[in-house]
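# An overview of the molecular structure
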Amino acid sequence: MNLVKKLVQLYAAWFKMGLFTFGGGYAMLPMIQNEVIEKHHWATEEEVMDYYAIGQCTPGVIAVNTATFIGYYQAGIIGAIVSTLGVITPSLIIISIIASVLTNFAEIEIVQHALKGINVGVCVLMTASILKMAKSNIKDTIGMVICLTAFVLAYFLKISTVWLVISAGVAGVVIQAFRAKGSVK
Amino acid sequence: MKLILTMIYEFFKAGLFAVGGGLATIPFLKEMSDKYGWFTQELLGTMIAVSESTPGPMGVNMATYVGYTTLHSYIGGIVTTLSLVAPSVIVICIVARMFEKFKQSKLVQNVFYGLRPAVVGFVVVACSGLFVSTLLDVPAKTIKVIPCVLYIVLYLVFTKVKIKEKKISPIPVIIISAILGILLKL
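Residues numbered from 1 in each chain as written. Chains lettered and ligands numbered in written order. Predicted model: local features only at pLDDT ≥ 70, side-chain atom pairs only at ≥ 80, totals over all residues. Heavy atoms only, no water.

### Topic: the overall build of chain B
The criterion, for reference: Counting from the N terminus, the helices are the DSSP runs of H or I reaching at least four residues and the strands are the DSSP runs of E reaching at least two. With the radius of gyration taken over C-alpha atoms, the globule rule is written as 2.2 Å times the number of residues to the power 0.38. Any pair of residues with heavy atoms lying within 4.5 Å of one another is described as a contacting pair. Reported accessibility uses the Shrake-Rupley method at a 1.4 Å probe radius. Residues are deemed covered only where the shown protein chains occlude them. Only four residue types enter the charge count: Lys and Arg as positive, Asp and Glu as negative, with His and the chain ends excluded. For this purpose, a charge sits on NZ of Lys, CZ of Arg, CG of Asp or CD of Glu.
Secondary structure summary: chain B contains eight helices and four strands in total. Ordered by position from the N terminus, the helices and strands of chain B form the series α-α-α-α-α-α-β-β-α-β-β-α. For chain B, whose C-alpha radius of gyration is 21 Å, the value lies well above the compact-globule estimate of 16 Å for 186 residues. The principal-axis extents of the C-alpha atoms in chain B amount to approximately 55 × 50 × 40 Å. By sequence separation, contacts in chain B at least 24 residues apart represent 41% of the contacts at least 6 residues apart. Accessible surface, chain B as shown: approximately 9,400 Å² in total, 71% of it carbon and sulfur. Charge-centre separation for chain B: the mean point of 17 positive side chains lies 12 Å from the mean point of 8 negative side chains.

Set out below in structure tokens:
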């Protein structure tokens, strides 16, 4: 019974996140912070970052990877499947309707206005989410340096994030090794 | 029947090899268009536009769209989408299991010590395009005044206002900004 309740919760939460995410992937962060972290306490800010990092180097859509991760830790493989089904259901319904009757959907004037408004809303949510995420994941000067380096390399030099994830992981190990050495008196 | 099996195979493949999220599936769709002619390049453009303007992860939206238009039925959309996400579910379940085991190890902790701040950087990169196109007028080298004002006002409301001691959830922000977009003809 508890499992059924948990699965219903997972499905409903991920359905909601799928329905109100525009752009996918990282744009889901505000919804994840709200539903997964604050409401259900299924993961911490740090854990969500870990899943994002892994999701970045594993195949597939990031939103689906994150849903699978959180579902798996809550209720095993069945939890992973139910969460994934939850996050894809709104897409299945909405896209099927649009593909059947509204092929010119993206060109409708009112839709374009609404979307431009939504983009502003997403910018607002992302600003708040990024600040919150930075606060809980950047804990020292080294963290700040890693974050800025990753940004510069990905944004200006367009280096693939897969390589950057690997390099940042290696950097973490090396820095901590130096730290451990330094602390030996 | 053969068509369905080919589609399952192609979408499973895209799900397995497209690393880095929804946008990474586009080259795979292009290839399907060239190889099988399930849809034209022009329709691919429409599909990308629709996927960006509807809720849900982009990769999932596009898979549903291709499945639906190629097989002319809801089943098509369901089949292609499930094929696309199946590799993720399998791979992540395996990774999640391993991660649980090694999470406490010093080495893994150190790896994530370096990774977490980097991911913050990636998220900023991932949404920088949206920020630029929404708030700035790049060719004119100015800001877009109305969206910028709206951005500041909504941000202050979202972060400062509390209803019954609780923070506002993202959902009303999305709905209100859509309505304002229509009213202000953004």
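Still to come is the rest of the account.
### Observations concerning the overall build of chain A
Spelled out, the test is: For every residue, the accessible area (1.4 Å probe, protein chains only) is compared with the maximum for its type, and the residue is labelled buried under 20%, exposed over 50%, or partly exposed between those bounds.
For chain A, the count of helices and strands is seven helices and zero strands. Taken from the N to the C terminus, the helices and strands of chain A come in the order α-α-α-α-α-α-α. Projected onto the principal axes, the alpha-carbon positions of chain A cover approximately 70 × 45 × 25 Å. Expressed as a percentage of the 185 residues in chain A, the buried residues total 55%. Of the contacts made within chain A by residues no fewer than 6 positions apart, 57% connect residues no fewer than 24 positions apart. Accessible surface, chain A as shown: approximately 8,000 Å² in total, 71% of it carbon and sulfur. Counting 12 positive and 9 negative side-chain charges, chain A places the centres of these two groups 7 Å from one another.

### Some thoughts on the confidence of the model for chain B
This is how the line gets drawn: For every residue, the pLDDT score states the predictor's confidence, bounded by 0 at the bottom and 100 at the top.
Overall, the predicted model of chain B reaches an average pLDDT of 89, with 98% of residues at or above 70. Taken together, the chains of this predicted complex give a pTM of 0.87 and an interface ipTM of 0.86.

### Overview of the environment of V101(A)
Residue and element names in this part refer to chain A. By the secondary structure assignment, V101 is in helix α4 (residues 62-101). Residue V101 is classed as exposed on the basis of its relative accessible area, which comes to 60%. Taking C-alpha positions, V101 is 37 Å from A128, a pair spaced 27 residues apart along the chain.

### A short note on the environment of I159(A)
Residue and element names in this part refer to chain A. Along the chain, the position of I159 falls in the loop between α6 (141-155) and α7 (161-183). By relative accessible area, which is 33% here, I159 ends up partly exposed. Separated by 111 residues in the primary sequence, I159 and V48 place their C-alpha atoms 23 Å from one another. Once you skip the residues sitting within four places of it in the chain, I159 turns out to touch L153, A154 and L164.

### Observations regarding the side chain of S91(A)
Within the secondary structure, S91(A) sits in helix α4. Once residues within four sequence positions are removed from consideration, S91(A) is found in contact with S96(A), P55(B), G56(B), P57(B), V60(B), N61(B) and T64(B).

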